[in-house]
Amino acid sequence: MTMRFPEGFLWGVSTSSYQIEGGAPDDGRGRSIWDTFCATPGKVANGDTGQVACDHYHRYREDLDLLRDLGAKVYRFSVMWPRVIPDGGGMVNPKGLDFYDRIVDGLLERGMRAWPCLYHWDLPQTLQDRGGWANRDIAGWFAEYAAVVARRIGDRVENWVTFNEPSVSAWVGYEEGRHAPGLTDPRAAVRAAHHLNLAHGRAVSVLRSLTPKAGIGTVIPIHKARPLPQFKERDGHLAALFEDKWNGVFLDPIYRGRYPASLEARFSEHVRDGDLAEIHRPIDFLGVNHYFPSYVQPSVKGAWPFEFADPPLFFRRTETNWAIDGQAFYEALLIVKERCGNPPVYVTENGGAFIDVVGPDGRVDDQDRIAYYREYLAGLQRAISEGADVRGFMPWSLIDNFEWAVGYEKRFGLVHVDYRTLRRTPKASFDFMRKVIAANALPRV
Ligand code: IFM
């Protein structure tokens, strides 16, 4: 007995540049805000950095072979802005572009399609020195960078992704300070959020005119927010506000041409005439990332009247302490259906960190990760059966990689990476996903 996915359902995999590439000093790559953040004592667990990461910059052929062996049809990778334009603007680094050219050709040679993402958090440090996402000029800088990449690889791109999780860049990078650039300035965070949206809109216009045949989308992590069960009545409004902050700020300008009513007052000082029309340009799909349900509780500490709460104890958790709940995934997909008018959706990230033990035979039997995917893929099928227009799924991630502030301790890959030898070993979850993809179905237990 199996549970089938719709005909033509698209299977792929996602990765990101800073998390896997390494090759930091090579071929003229510039410095990113994550290089700076990692070099700042106390910011990243164990002092880990992305200098070498998985050395994908040199071992990309092996990784593309793994993608092919998995049966992936598409690959969402990200382009590192400072590899291509080391100072963010001005001089272009041809060797950096060559690398992404090789990736795209390598995919096509292996029968796969390219979905490059233009921004997965590695901003050139020189642009941060000029205010980064809090500086309105960045919308223009981003559009120029998008044009440089489009001119070089755009003839072979199937779908562009403008941004990966702009909400994390704004809220975690500028307000909470847990990610680069490490600021704790709520007003700058709101400004950054608006400029990330504006940059998206400008890039859509550039990409449409330079690559009219390619599709364009963006990737937003969709949160299903809940009050703690014992405070359902009291905190329901906080969950709604939380979803406005994390989902609505990035979805509503694109799909409704405005900011959520609850947040208009916070945004109005940064929004100029014409901005919302620029952001409200049609896109072809929405990428949805989702990992865990978000529990909220009141807070009087920060700029918002809520904060993350520890989820109820009955949930199983991943190694990053994220509650495992396929029901929340299903609900997140229905949020998109309702809030955005049921656009075409690709799940562009989903997965979990677990303790991966390398057995004496060298194998990693990651049954916890397989159980996680079973539960989440079942939630996905339920959303589809209720009319959500979900067209594809990309697990996070192909290989273990640099997990930002928690360094290399947490592993999300379908493929194990030995960070001493950089040897890749497919885990049991790789075999599981390969079978799911081949059958276009979730085998029942
Ligand atoms: O590793 C990250 C990725 O870069 C963005 N989305 C969440 C993943 C897991 O934390």
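Definitions and cut-offs
Residues numbered from 1 in each chain as written. Predicted model: local features only at pLDDT ≥ 70, side-chain atom pairs only at ≥ 80, totals over all residues. Heavy atoms only, no water. 1 Å grid on protein atoms, 1.4 Å probe; cavity = no way out; pocket = protein on both sides within 12 Å on 5 of 7 lines; lining within 4 Å. Points joined across faces, edges and corners; volume = space filled by probe spheres on them. Helix = DSSP H or I, 4+ residues; strand = E, 2+ residues; numbered from the N terminus. Nonpolar A, V, L, I, M, F, W, Y, C, P; charged D, E, K, R; others polar. Phe/Tyr/Trp six-rings, centres within 6.5 Å; stacked < 30°, edge-to-face > 60°. Buried < 20%, exposed > 50% of the residue type's maximum accessible area, 1.4 Å probe, protein only. Lys NZ or Arg CZ within 6 Å of the ring centre and 35° of its normal. Pairing = 2+ DSSP bridges. Axes fitted to C-alpha atoms, helices over the stretch in contact; angles between N-to-C directions. Core = buried A, V, L, I, M, F, W, Y, C linked by side-chain atoms within 4.5 Å. Contact = heavy atoms within 4.5 Å. Near = heavy atom within 4 Å. Polar contact = N/O pair within 3.5 Å; in protein donor to acceptor, adjacent residues only side chain to side chain. Areas by Shrake-Rupley, 256 points an atom, 1.4 Å probe, with all protein chains shown as cover.

### Overview of the layout of surface pockets
Phase 1: There is about 900 Å³ of room inside the largest pocket.
Phase 2: In this structure, the largest pocket is lined by 37 residues; those nearest its centre are Arg-178, His-179, Phe-292, Trp-322 and Glu-403.
Phase 3: Secondary structure elements with two or more residues in the lining of the largest pocket: helix 8 (166–176) and strand 9 (294–298).
Phase 4: No other element matches the 3 residues that helix 8 contributes to the lining of the largest pocket.
Phase 5: Considered class by class, the residues forming the lining of the largest pocket number 20 nonpolar, 10 polar and 7 charged.

### Side note on the packing of aromatic side chains
Phase 1: All chains considered together, the criterion is met by 50 aromatic pairs.
Phase 2: For the pair Trp-171 and Phe-250, a centre-to-centre distance of 6.3 Å together with 75° between the ring planes defines the contact as edge-to-face. Note that Trp-171 is positioned in helix 8 and Phe-250 in helix 10 (residues 232–255), a separation of 79 residues in sequence.
Phase 3: On the basis of relative accessible area, Trp-171 is assigned to the buried category, the value being 0%.
Phase 4: Plain terms: the ring middles of Tyr-372 and Tyr-373 are 5.8 Å apart, the flat faces sit at 90° to each other, and that makes the pair edge-to-face. This pair shows no difference in class: Tyr-372 is buried, exactly as Tyr-373 is.
Phase 5: Sitting over the face of the ring of Phe-99, Arg-83 holds its NZ or CZ atom 5.7 Å from the ring centroid.

### Focus: the sheet that holds strand 9
Phase 1: Across the sheet, 3 strands lie side by side as 7-9-10; this open sheet has mixed pairing. Taken across any chain shown, the strands that pair with only one partner, and hence form the sheet edges, are strand 7 (225–227) and strand 10 (306–308). Between one strand axis and the next, the sheet turns by 45° as a mean value, whatever way the strands run.
Phase 2: Across 3 bridges, the pairing between strand 7 and strand 9 is parallel. Paired with Pro-227 across the strands is Val-296, a residue of strand 9.

### Considerations on the environment of Gly-131
Phase 1: Along the chain, the position of Gly-131 falls in the loop between helix 6 (125–128) and helix 7 (138–153).
Phase 2: In this structure the C-alpha to C-alpha distance between Gly-131 and Asp-361, which are 230 residues apart in sequence, comes to 51 Å.

### Points about the nonpolar core
Phase 1: Within the largest apolar cluster, 140 residues are counted, with the highest numbers of intra-cluster contacts made by Trp-34, Trp-81, Trp-133, Trp-171 and Leu-380.
Phase 2: When residues in this core are grouped by element, the largest group, 11 residues, is from helix 9 (residues 186–210).
Phase 3: Among all residues touching Trp-81, those that are not within four sequence positions of it are Gly-88, Tyr-119, Asp-122, Leu-123, Pro-124, Leu-127, Trp-133, Ile-138, Trp-141, Phe-142 and Tyr-145.
Phase 4: Within the second largest apolar cluster, 9 residues are counted, among which are Val-74, Trp-115, Val-219 and Met-394.

### Looking at the site of the ligand
Phase 1: As a matter of local geometry, the ligand sits amid Gln-19, His-120, Trp-121, Asn-164, Glu-165, Tyr-291, Trp-322, Glu-349, Trp-396, Glu-403, Trp-404 and Phe-412.
Phase 2: The contact in question runs from a nitrogen atom of the ligand to an N or O atom on the side chain of Glu-349, over 2.5 Å.
Phase 3: At 3.2 Å from an oxygen atom of the ligand is found a side-chain nitrogen or oxygen belonging to Trp-396.
Phase 4: For the ligand, the protein covers 94% of the area, taking 280 Å² as the surface of the free molecule.
Phase 5: Residue composition of the shell around the ligand, grouped by class: 6 nonpolar, 3 polar and 3 charged.

### Thoughts on unusual backbone geometry
Phase 1: A cis amide bond links Ala-180 with the next residue in sequence, Pro-181, at an omega value of 5°.
Phase 2: The omega torsion of the bond from Trp-396 to Ser-397 falls at 10°, within 30 degrees of zero and hence cis.
Phase 3: Summarising the element assignment, Ser-397 is placed in the loop between strand 12 (390–393) and strand 13 (415–417).
Phase 4: Positive phi, normally seen in glycine, also occurs at Asn-321, with a value near 70°.
Phase 5: Judged by its relative accessible area of 43%, Asn-321 is partly exposed.
Phase 6: Of note, Leu-422 is a non-glycine position whose phi angle comes to about 65°, a positive value.

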